[in-house]
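Here are the chains, one letter per residue:
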Amino acid sequence: MAGPETTRKEPGQAAAPPGADGGQDPAGLGAGLDALEAVPVRRAPLTEVLIRSVLPPIVAIALVLAVWQGLVWAKVTDDYKLPSPARVWAALRDLWLRGELLDIVWTSVSRGLFGFLVALAIGTPLGLVVARVRFVRAAVRPILSGLQSLPSVAWVPPTLIWMGLNDRMMYTVILLGAVPSIANGLVAGIDQVPPLFLRAGRTLGARGLRGAWHILLPAALPGYVAGLKQGWAFAWRSLMAAEIIASSPDLGLGLGQYLENQRNNSDMAGVLLGIFLILFVGIAIELLVFAPVERWVLRSRGLQERAR
Amino acid sequence: MSPALTTAKNAPTGRGPARAVPAVRIGRVHKVFGRPGAPGQAVLDDITLDVRPGEFVCLLGASGCGKSTLLNLIAGLDRPTAGEIDVPGGRPALMFQEHALFPWLTAGRNVELALRLRKVPRARRRPEAERLLELVRLGGAHGRRVHELSGGMRQRVAMARALAQASDVLLMDEPFAALDAITRDVLHGELTRIWRETGVSVVFVTHNVREAVRLAQRVVLLSSRPGRVIREWTVDLPQPRRAEDPAVADLSREITEELRGEIRRHGRT
Ligand SMILES: Nc1ncnc2c1ncn2[C@@H]1O[C@H](COP(=O)(O)OP(=O)(O)O)[C@@H](O)[C@H]1O
Ligand SMILES: [Mg+2]
């Protein structure tokens, strides 16, 4: 920046350097600069959003159904191994008419969400401490990363022995699956906070807990939200594993138990329906809860283009 | 240590007689980075400098001479290895070369956060933030997101946020270095106006001689490796100044010569 000015030597000062015209009308000039440089923000029209983001998945689903039906018509395997889409649909109707569908889904979803919230309450302070306390970090971070790659089904046998066949055992498996993801996400988010924000916060007087609340946590939010999303995926997976393995009539009937029961009844349409419902719930929670939160977090910081 | 020379003596600053208590007192400050066992080269060596209340001082020096280090010490973000730094009015406000605005808050909320951390009651924050944005000519930008603003606007919001701290002292670390020439020139005018309206003491760091002469009442030239005060100039020119004023250009040339000599000295060894 200083280059041209510090080496300028010509004595005649009549020729003003470019951009030295501030004295005349600073407000007007400033307003012009702002108008030229400011980034206009626009929202995509609804039809564009629909065509871009709703149409492609519908086409993909239609394609899968068509291939599936084609395989059934071609009789590639026995009827009881591959029921037609219509029979799975009939199983769904049947479940709905018996009034059980919502109960089953809700049993699992409420377990999953409650377990996730508890995991949130444990994982967040844990992540904060691991990120900020050097000794704890060195001790706990590798364990957290390791736990993240451990399939949570592995926790089902020991928790069955510790807790017995009950809801507490389900929640324990969920926690063991989700807490490491949430804590790790927060640690990664905090590690990525630019030091400049922390210094700016300190000059504004945000130290200690106030600094964590006003600067550190909001700055780490993108990584944290990514961790939450992964934490939910792990919570849901762990719960399904627990429900399938540890099914018992004493426990409320959830999606995992439903799937396992249909297997015992050799009802392949019901088994497929169970899988679709598990998939559907996972996707629905992701789309209804996490995707909007993530989009809002990224967009409000200018980290994601609109209209994509 | 070379004594500080004053070229243009006892110029009236236009801000009343210098009072007994300086806004910033820097006494024989040394700074060495590195561990106690393995100290590195001295970055700052025996810096002594007082800033009078309401004064506008520019610290000038080549890149890497320790200007940011000195500013961080005054801001309390780091501690001197030896010597004393006293800011009687309390924690100074600091503006960085990068705007350092928090992207998760709107422009207005950034200003309000500074007020909140200063424990201004909730009801008074919004109008106060509006007033400060008005002061930097950004009235109406309260709800704008940081990424929607131009570079010049961001630095002005950063200035409003720094002013929201209501410190007696405003430290500025090359705040306009990343801006284009025209924007920078406009912001020089705005800064001079705001300084005169608020009466805040400003310590402005730059490696740009013309910027220093345009803005300051006093220009302090630092040497490099180690950073020492090698010379001071009192700039006795009326504000608002323009970069192309002959007097500004003349003094700039003189200071540039001195700075060049200092830089050349390092090439010889
Ligand atoms: N935290 C640090 N640790 C070690 N050396 C540093 C640190 N900060 C700055 N320095 C060194 O101190 C010198 C002065 O740096 P700085 O104050 O940033 O210079 P300036 O702002 O004048 O360009 C540089 O040589 C730099 O490498
Ligand atoms: Mg610097």
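Residues numbered from 1 in each chain as written. Chains lettered and ligands numbered in written order. Predicted model: local features only at pLDDT ≥ 70, side-chain atom pairs only at ≥ 80, totals over all residues. Heavy atoms only, no water.

Under an unreviewed UniProt entry, chain B has the name ABC transporter ATP-binding protein and belongs to Streptomyces palmae.

As named in an unreviewed UniProt entry, chain A is ABC transporter permease, taken from Streptomyces palmae. If you open the UniProt record of chain A and go to Sequence similarities (unreviewed entry), you find "Belongs to the binding-protein-dependent transport system permease family." Quoted straight from UniProt, the Subcellular location (unreviewed entry) entry for chain A says "Cell membrane". (UniProt positions renumbered as here; feature names shortened; annotations may be inferred.)

Asks: Is there a simple way to think about the overall build of chain B in this case?
Replies: For chain B, the helix and strand inventory stands at seven helices and nine strands. For chain B, the C-alpha radius of gyration of 19 Å lies close to 18 Å, the compact-globule estimate for 269 residues. Overall, chain B is about 55 × 50 × 40 Å in size when its C-alpha atoms are taken along their principal axes. The buried share of chain B, taken over its 269 residues, is 57%. Partitioning the contacts of chain B with sequence separation of at least 6, the portion at a separation of at least 24 is 72%. The positive charge centre, built from 42 side chains, and the negative charge centre, built from 30, are 4 Å apart in chain B. (Helix = DSSP H or I, 4+ residues; strand = E, 2+ residues; numbered from the N terminus. Rg over C-alpha atoms; globule rule 2.2 N^0.38 Å. Buried < 20%, exposed > 50% of the residue type's maximum accessible area, 1.4 Å probe, protein only. Contact = heavy atoms within 4.5 Å. Lys, Arg positive; Asp, Glu negative; His and termini not counted. Charge placed at Lys NZ, Arg CZ, Asp CG, Glu CD.)

Asks: Before we go on, may I ask you to explain a positive patch on the surface in this structure?
Replies: Together, A:R202, A:R207, A:R210, B:R91, B:R116, B:K119 and B:R122 give the surface a local cluster of positive charge. One can find B:K119 in the loop between α2 (107-117) and α3 (122-135). (Patch = residues over 30% accessible without salt bridge, like charges linked within 9 Å, V, L, I, M, F, W, Y side chains within 5 Å. Areas by Shrake-Rupley, 256 points an atom, 1.4 Å probe, with all protein chains shown as cover. Salt bridge = Lys/Arg side-chain N within 4 Å of Asp/Glu carboxyl O.)

Asks: How do you make sense of the UniProt feature "transmembrane region" (unreviewed entry) in chain A when you look at a structure like this?
Replies: Residues and elements named next belong to chain A. As annotated in UniProt, the feature "transmembrane region" (unreviewed entry) corresponds to residues 49-71, 112-131, 143-163, 169-190, 211-228 and 268-291 in the numbering used here. As annotated, residues 112-131 comprises 100% helix and 0% strand, and the C-alpha atoms at either end are separated by 27 Å. As annotated, residues 268-291 comprises 100% helix and 0% strand, and the C-alpha atoms at either end are separated by 33 Å.

Asks: What's the story with the UniProt feature "domain: ABC transporter" (unreviewed entry) in chain B in this structure? I'm lost.
Replies: As recorded in UniProt, the feature "domain: ABC transporter" (unreviewed entry) lies at residues 24-251 of chain B. Along residues 24-251 of chain B, the helical share is 35% and the strand share 26%, with 26 Å between the first and last C-alpha atoms.

Asks: Explain the confidence of the model for chain B here, please?
Replies: Low pLDDT means the predicted atomic positions in that stretch should not be read closely. In the predicted model, chain B carries a mean pLDDT of 87, and 92% of its residues have values of at least 70. Mean pLDDT in chain B bottoms out at helix α7 (residues 246-268) of chain B, which sits at 86, and peaks at strand β7 (residues 201-206) of chain B, which reaches 96. (pLDDT = per-residue confidence, 0-100.)

Asks: Can you walk me through a nonpolar patch on the surface in this structure?
Replies: On the surface, a nonpolar cluster with roughly 670 Å² of combined accessible area is contributed by A:I275, A:F276, A:L279, A:I283, A:L287, A:L288 and A:V289. Along the chain, the position of A:L287 falls in helix α12 (residues 268-300).

Asks: Would you mind going over the site of ligand 1 with me for this structure?
Replies: Residue and element names in this part refer to chain B. As a matter of local geometry, ligand 1 sits amid F33, V43, A62, S63, G64, C65, G66, K67, S68 and T69. Within the backbone of C65, one N or O atom sits 3.2 Å away from an oxygen atom of ligand 1. A distance of 3.0 Å separates an oxygen atom of ligand 1 from a polar backbone atom of G66. Against a free-state accessible area of 560 Å², the protein chains account for coverage of 54% of ligand 1. When residues in the shell around ligand 1 are grouped by element, the largest group, three residues, is from helix α1 (residues 67-75). (Near = heavy atom within 4 Å. Polar contact = N/O pair within 3.5 Å; in protein donor to acceptor, adjacent residues only side chain to side chain.)

Asks: What's the story with the side chain of B:S167 in this structure? I'm lost.
Replies: All names here are of chain B. Among the structural elements, S167 can be located in the loop between α4 (151-164) and β6 (169-173). Using a relative accessible area of 16% as the deciding quantity, one classes S167 as buried. Reaching out from S167, the side chain makes a polar contact with the backbone nitrogen of A93 at a distance of 3.4 Å.

Asks: What is the right way to read the UniProt feature "domain: ABC transmembrane type-1" (unreviewed entry) in chain A from this model?
Replies: The sites that carry the UniProt feature "domain: ABC transmembrane type-1" (unreviewed entry) are, in the present numbering, residues 105-289 of chain A. Helix makes up 84% of residues 105-289 of chain A and strand makes up 0%, while its end C-alpha atoms are separated by 17 Å.

Asks: Explain the environment of A:R237 to me, please; I cannot follow it from the model alone.
Replies: Along the chain, A:R237 turns up in helix α10 (residues 208-245). In this structure, the C-alpha to C-alpha distance between A:R237 and A:G211, residues 26 residues apart in sequence, is 35 Å.

Asks: Can you help me understand the pairing of strand β3 (residues 56-60) of chain B in this one?
Replies: As a general feature of sheets, a regular strand has side chains that alternate between the two faces. Residues and elements named next belong to chain B. Of all five residues in β3, five are buried, a share of seventy percent or more. A two-sided burial pattern is seen for β3, the buried positions comprising F56, C58 and L60 on one face and V57 and L59 on the other. Relative to β7, β3 is paired through five bridges, and the arrangement is parallel. Bridge pairing in β7 places F56 opposite V202. Pairing between β3 and strand β8 (residues 218-222): four bridges, direction parallel. Counterpart to V57 in the pairing with β8 is R218. (Pairing = 2+ DSSP bridges.)

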